[in-house]
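The lines below spell out each chain.
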Amino acid sequence: MHLILYDDKKMNPAKLLILLILLFTPLLSREIRVRPDGEVSTLNAALQLADDGDRIVIDGGVYREAVVVEKSVEIIGLNHPLFDGEGQRQIFIIRAAGVSIRGLTFRNCGISFIEDRSAILIDGAQDCTVENNRFLDNFFAVYLAKSAGARIINNVIRGQAASETSSGNGVHAWYCKDITITGNTISGHRDGIYFEFVQNGLVEKNHSEGNLRYGLHFMFSDRCRYLDNTFRQNGAGVAVMYTKNVEMHHNRFEENWGSAAFGLLLKDITDSEIRSNLFLGNSIGIYAENSNRLEISGNDFLENGWAVKIMSNSMDNHFSGNNFIANSFDVATNSRHNFSRFEKNFWSGYRGYDLDRDGYGDVPFHPVRLFSMMVAQNPPALVMMRSLLVDLLDLAESVFPLLTPETLVDEKPLMRRRP
Amino acid sequence: MNTTTVRIIKFEFSDVLRSKWVLIYGLFFFLLTETLFRFGGTSARVMLSLSNVVLIIVPLICIVYGTIYLYNAREFMELMLAQPLRRRSLFGGLYSGLVIPLNLSFLVGVGLPFLLHGVERTAHLQAFSMLLLAGVFLTLIFIALAFLISTAYEDKMKGLGIAILSWLLFSVAYDGVMLSLIYRFSDYPLEKAVIALTLLNPVDLARTLLLMQLDIAALMGYTGAVFELFFGSIMGAAISLAALSLWVICPMWLGLRQFRRKDF
Amino acid sequence: MITITGLQKRFGKLAVLRGIDLNIAPGKVTAIVGPNGSGKTTLIKTLLGLVRPDSGTISLAGVSLNGDPSYREMIGYMPQAGKFPENLTVSEVLRLVKDVRRHSGPLDEALFEQFQLAESLNKPIRTLSGGTRQKLSATIAFLFRPEILILDEPTAGLDPVASAQLKDKICRERDGGRTVILTSHIMSEIEALSDILVFLQDGKVFYNGTLAAMIHSSGETRLERAIARLMEGGDAA
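All values reported here derive from a predicted model rather than from experimental measurement. (Residues numbered from 1 in each chain as written. Chains lettered and ligands numbered in written order. Predicted model: local features only at pLDDT ≥ 70, side-chain atom pairs only at ≥ 80, totals over all residues.)

> Looking at this structure, how should I read the overall build of chain B?
When its secondary structure is counted, chain B shows 11 helices and 0 strands. The N-to-C order of helical and strand elements in chain B reads α-α-α-α-α-α-α-α-α-α-α. What you see for chain B is a C-alpha radius of gyration of 20 Å, in line with the 18 Å of a compact globule of 264 residues. Seen along its three principal axes, the alpha-carbon backbone of chain B occupies a region of about 60 × 45 × 35 Å. Relative to its 264 residues, chain B shows a buried fraction of 50%. A fraction of 80% describes how many contacts in chain B between residues 6 or more apart in sequence connect residues 24 or more apart. (Helix = DSSP H or I, 4+ residues; strand = E, 2+ residues; numbered from the N terminus. Rg over C-alpha atoms; globule rule 2.2 N^0.38 Å. Buried ≥ 20, exposed ≤ 12 C-beta atoms within 10 Å, placed from the backbone. Contact = placed C-beta atoms within 7 Å.)

Here it is as structure tokens:
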């Protein structure tokens, strides 16, 4: 622009005016107010009037319109304006970059079996923000497709999922990168947060509870970080697949209980870190299948059915500094072969002693009970749980290991629970 | 129950209570439960640990104590049988006079700490009731078995040996057979057979009923689902209750039959 | 009148009673004697229903025993060694027996007083000496003024004073018209107490008659000798 200005030898007033307008557009950005009884009574009307960079303030009211945002605007709700899909329409589609949507309520976009209908679809738009909104009873709530830099922050997302086929995900991201999902509360959807082909995402401080299937579900989503989230009482817990370079720190996986529920299911996950998480009261704390080079440390496994179930096709995983407390089974596997290392964990089932007072037990701990091997081979055998016979067999096996993996052993079990 | 039986129960009751063993038994459960609460914390954990003890200790103590008790009651029986009363009344009176204090002792021992500390969730209340019910039934059953054994064998040491063997049979050997069957026929759907086998052993039945309450069912996958379906249904509950009751009635009936023919 | 016919009982291979036929006269003291293992105690216990006979019948005053326990209201029994629930006190045992007996009418507490059992009333049985237990046992046998008294070695373990008191009591009851059946190994006691002697050997009645006739027929003056003669004769026969 400056180039144009100075290169132009003849400067006429009209040109100058246009230039000035162009130049000061950001400063002159207008604010358009939408009220049900106002001059502008629909968001579509406001968008017609708006230019890139304008701010649209919606002051209360219920709006029953489908909106396609193709201008880079800021849409802000005051006094809880509600967009009602009446069970029959996609409510917002955002196709422009830098759009931000704050303070709105979206309700009932309705179920569709043909399209992935949602309250907000961000479709190929960069750097959009969805913040402090409420989503009630939608099929999908926020759907991100081929969008980079999106920020989904502090939204409340509540569905009424009845069955997996008739419900969509809370936050759904497909082919995205550099996205941030922070501080949302998500419940009653199929999956709370779903990532497919997402790169470099940050999922932080979300609370995903009571979703029909998974609290968090991702696949093919490398280099993503999951911090300080709570995944609680979801139908099948959390399942993550076909991904590398994942970081999961300080999350809580709680009370995902059921015959096919997992605190955290890892399938084909490699080169990742799972640190300082809490696994409390899950049927299975961590289930790992074909997952390699995982650093699993500093986690608390409390009162799970199985704290860790690791299949023998997983290799070079490293479990250290974890607390295993009051789980029905600490570690289970499906073979005598083991290619993972356990060291310096605390095991509440450990009965050894520490004569040299170095804080580590002098006797190695075998966390795999014979009974858990038997159950792995033959699930109905679990009905024998807490039978005296089983305790005796376990005792015999711990003295003369014949069937449990010899190398799956913690040579230096902690004597005290790691704080 | 006739008045003579009631009188015998009354006297046995004070006799048994005064023998201190019953008080020690109750104290054991009280201290155990209390300790578990102090160290274990949550009521679910306490119940889990306690159910292990109940399933092992209650049958063992009851069958051993019951056998010894009846051998030691020989004089009392002779004294009573010289009086105008029926053997059935005496047998019933002896049984009730032992079973009632033992169960009271158990219920108070386990129940008091739970009353003091409370349960966290109402779901636990149900599991707790099941724990108490299991304990009570195991007491009824294993005292009945003890009565059968000590009426069947004159020799005290022999009877005691048989009692301990029976306990091993119910607590360990039976499970060994069951486990090997589960293995041998692992290609077949075994759930119903396993349920049937469970019904045939009171210890396994009590254990399974407790497991179902303690949410272990979810760990069992499909098997657990089948089990929950059975034990969760009214029909299943009725069948379980009937099976447990039969385990009281059959040994008592056989025992009484022998007792009536017995020479003193 | 107690009538026993064809009574047989075996414990396993051992035939203890091998066809006993016996009438026990009312108002008399009948002593049952015989060597160890001759079946005395077993016979007494069949009378009480403590032992079930293999065959044969017992009838009391013409009514045969059929399992109804009420006939035992007529019987007072003192076993060889009176044992009681160890943790009950004397008074509780007495109360228990009274409760079970449901006896109406006055109790016979003569022995209770003579034996001075009141001193031991609140003591648990386990603290009592063997003699005191026997005293309690005897007291209970006489307590309900039964028609028939069955006493199995009544004086064994009693001190001489108590023993004499008990023997006096037996005589008084006999004089009062009650039927007494007793066993003993002490011949002088039998001589002093009994009217009729029943001698058992190898599960059979070997002699049944009055004491006087027995001594007379043997040509001895002492019962002990007479019985020894009888046994020798039995072996010969």
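> What should I look at first to understand the overall build of chain A in this one?
Helix and strand content of chain A: 5 helices and 38 strands. The dimensions of chain A, computed from C-alpha atoms along their principal axes, are 95 × 50 × 35 Å. Restricting to contacts in chain A with at least 6 residues of sequence separation, those with at least 24 account for 47%.

> What should I look at first to understand the interface of chain C and chain B in this one?
Interfaces are often described in size by the accessible area the parts lose on coming together. Listed as interface residues are 23 residues of chain C and, on the opposing side, 21 residues of chain B. Sorting the residues of the side of chain C that touches chain B by element identifies α1 (40-48) and α2 (90-101) of chain C as the ones contributing at least two each. The leading source of residues in the side of chain C that touches chain B is α2 of chain C, at 6 residues. When the residues that make up the side of chain C that touches chain B are grouped by side-chain class, the tally is 12 nonpolar, 3 polar and 8 charged. (Nonpolar A, V, L, I, M, F, W, Y, C, P; charged D, E, K, R; others polar.)

> Just to check I follow, could you spell out the confidence of the model for chain A for this structure?
One rule of thumb: low pLDDT means the predicted coordinates there are not for detailed reading. Averaged over every residue, the pLDDT of chain A is 90; residues scoring 70 or more account for 95%. Segment residues 1-8 of chain A is flagged for pLDDT under 50; beyond a separation of four residues in sequence, or across chains, it makes 3 contacts in the model. (pLDDT = per-residue confidence, 0-100.)

> Is there a simple way to explain the sheet that holds strand β1 (residues 2-11) of chain C in this structure?
By definition, the strands of a sheet pair up through backbone hydrogen bonds, in either a parallel or an antiparallel sense. All names here are of chain C. The antiparallel open sheet is built from 4 strands, whose spatial order is β2-β1-β4-β5. The sheet is open, and its two edges are formed by β2 (14-24) and β5 (63-64), each paired on a single side. Bridge analysis of β1 against β2 gives 8 bridges, and the strand direction is antiparallel. What sits directly across from Q8, in β2, is R18. Where α1 meets the sheet, it contacts β1, β2 and β4 (55-60), and its direction lies at approximately 65° from that of β2. (Pairing = 2+ DSSP bridges. Axes fitted to C-alpha atoms, helices over the stretch in contact; angles between N-to-C directions.)

> What exactly am I supposed to notice about the arrangement of the chains here?
There are 2 pairs of chains in contact here, and the one with the most contacts is chains A and B. Taking C-alpha atoms as the reference, chain A and chain C come no closer than 35 Å and do not contact one another.

> Where do I start with α2 of chain C in this structure?
Within an α-helix, residues lying three or four positions from one another point in the same direction, as the helix has 3.6 residues per turn. Its 12 residues place the ends of α2 of chain C 16 Å apart at the C-alpha level, agreeing with the 16 Å of an ideal helix rising 1.5 Å per residue. Within α2 of chain C, the full set of buried residues consists of V90, E92, V93, L94, L96, V97, V100 and R101 of chain C. (Expected span 1.5 Å × (residues − 1).)

> Just checking my understanding: could you explain the pairing of strand β25 (residues 237-244) of chain A for this structure?
Working note: regular strand, side chains alternate between the two faces of the sheet. Residues and elements named next belong to chain A. Of the strand pairs in this sheet, strand β22 (residues 216-219) and β25 are connected by 4 bridges, and their pairing is parallel. Bridge assignment links L216 to a residue of β25, and that residue is V238. Sheet analysis places β25 next to strand β28 (residues 262-275), joined by 6 bridges and oriented parallel. Looking across to β28, one finds that T243 is bridged to I269.

> Explain the interface of chain B and chain A here, please?
Between chain B and chain A, the residue contacts involve 30 residues of the former and 20 residues of the latter. It is helix α7 (residues 156-184) of chain B that contributes the most residues to the side of chain B that touches chain A, 8 residues altogether. Split into classes, the residues belonging to the side of chain B that touches chain A amount to 16 nonpolar, 9 polar and 5 charged.

> I would appreciate a short explanation of the sheet that holds strand β9 (residues 196-201) of chain C in the present structure.
Residue and element names in this part refer to chain C. The mixed open sheet is built from 6 strands, whose spatial order is β6-β7-β8-β3-β9-β10. Of all strands in the sheet, those with a lone pairing partner are β6 (75-78) and β10 (204-210), marking the two edges. Between one strand axis and the next, the sheet turns through 15° on average, direction left out of account. Sheet topology note: the β6/strand β7 (residues 148-152) ladder contains 4 bridges and is parallel. Bridge assignment links Y77 to a residue of β7, and that residue is I150. Contacts from helix α4 (residues 130-143) reach β6 and β7, with the element oriented near 170° to β6. Each of β9 and β10 touches helix α7 (residues 211-218); the most contacted strand, β10, lies at about 100° to it.

> Sorry if this is basic, but what is going on with unusual backbone geometry here?
Peptide bonds are, in most cases, trans, and in most cases residues other than glycine have a negative phi. All names here are of chain A. The phi dihedral of Y175 is positive, around 55°, even though this residue is not glycine. The exposure class assigned to Y175 is partly exposed, which follows from the 15 C-beta atoms found within 10 Å. Positioned with a positive phi, Y242 is a non-glycine residue whose angle comes to about 50°. Exposure remark for Y242: the 15 C-beta atoms within 10 Å place this residue in the partly exposed category.

> It is not clear to me how the pairing of strand β31 (residues 292-297) of chain A should be interpreted in this structure. Could you clarify?
Residue and element names in this part refer to chain A. Two strands pair when backbone bridges link them, and β28 and β31 are joined in this way by 5 bridges, in the parallel orientation. Opposite I274, over in β31, you have I296 as the bridge partner. As judged from the 3 bridges shared by β31 and strand β34 (residues 315-320), these two strands associate in the parallel manner. Considered in β34, the bridge of S297 is made with S320.

> So what exactly am I meant to see when it comes to the nonpolar core here?
Within soluble globular proteins, side chains that are nonpolar tend to cluster in buried spots. Core analysis: the largest hydrophobic core is formed by 255 residues, its most contacted members being I120 and V238 of chain A, C62, I143 and A146 of chain B together with I150 of chain C. With 16 residues, helix α6 (residues 122-152) of chain B is the single largest residue contributor to this core. Leaving out residues up to four positions away in the same chain, C62 of chain B has contacts with L102, L138, T139, F142, I143 and A146 of chain B. (Core = buried A, V, L, I, M, F, W, Y, C linked by C-beta atoms within 7 Å.)

> Looking at this model, I keep getting lost on helix α5 (residues 388-399) of chain A. Mind explaining?
Across its 12 residues, α5 of chain A extends 17 Å between first and last C-alpha, which sits within 8% of the 16 Å expected from 1.5 Å per residue. When we look at burial in α5 of chain A, the residues that qualify are L388, V390 and L393 of chain A. On its buried face, α5 of chain A sits against α4 (370-377) of chain A together with α3 (43-72) and α7 of chain B.

> Teacher, can you tell me more about the environment of V198 of chain C here?
Residues and elements named next belong to chain C. Here V198 shows up in strand β9. Classification of V198 as buried rests on a count of 22 C-beta atoms within 10 Å. Sequence spacing of V198 and R95 is 103 residues, and the spatial spacing of their C-alpha atoms is 35 Å. With near-sequence residues (within four places) excluded, V198 lies in contact with L22, T30, A31, I32, V205 and N208.

> Just to check I follow, could you spell out the packing of α3 of chain B against helix α9 (residues 202-213) of chain B for this structure?
When two helices pack together, their arrangement is given by the angle between the helix axes and the distance between those axes. Residues and elements named next belong to chain B. Interhelical geometry of α3 versus α9 gives an angle of 165° and a closest axis separation of 10 Å. In terms of orientation, α3 and α9 fall into the roughly antiparallel class. In the crossing of α3 with α9, the sense of the turn from one axis to the other is right-handed. Contacts between α3 and α9 involve S51, L55 and P59 from the first element and V203, A206, R207 and L210 from the second. Looking at the contact of α3 with α9 residue by residue, the class counts come to 5 nonpolar, 1 polar and 1 charged. (Parallel < 35°, antiparallel > 145°, perpendicular 65-115°, else oblique. Left-handed = near helix turned anticlockwise from the far one by under 90°.)

> Help me out: how do you make sense of the environment of Y188 of chain B in this one?
Residue and element names in this part refer to chain B. Among the structural elements, Y188 can be located in the loop between α7 and α8 (191-200). Judged by the 8 C-beta atoms lying within 10 Å of it, Y188 is exposed. In this structure, the C-alpha to C-alpha distance between Y188 and E12, residues 176 residues apart in sequence, is 51 Å.

> How should the confidence of the model for chain B be read in this particular structure?
For chain B, the mean per-residue pLDDT works out to 87, and 95% of the residues sit at or above 70. We note a pTM of 0.79 for the whole complex and an ipTM of 0.81 for its interfaces.

> Please explain the packing of α7 of chain B against α9 of chain B as it appears in this structure.
Residue and element names in this part refer to chain B. Where α7 contacts α9, the axes come no closer than 8 Å and their chain directions differ by 85°. Taken together, the axes of α7 and α9 lie roughly perpendicular to each other. Of the residues in α9, those in contact with F170, S171, Y174 and D175 of α7 are P202, V203 and D204. Class assignment of the residues belonging to the contact of α7 with α9 gives a composition of 4 nonpolar, 1 polar and 2 charged.

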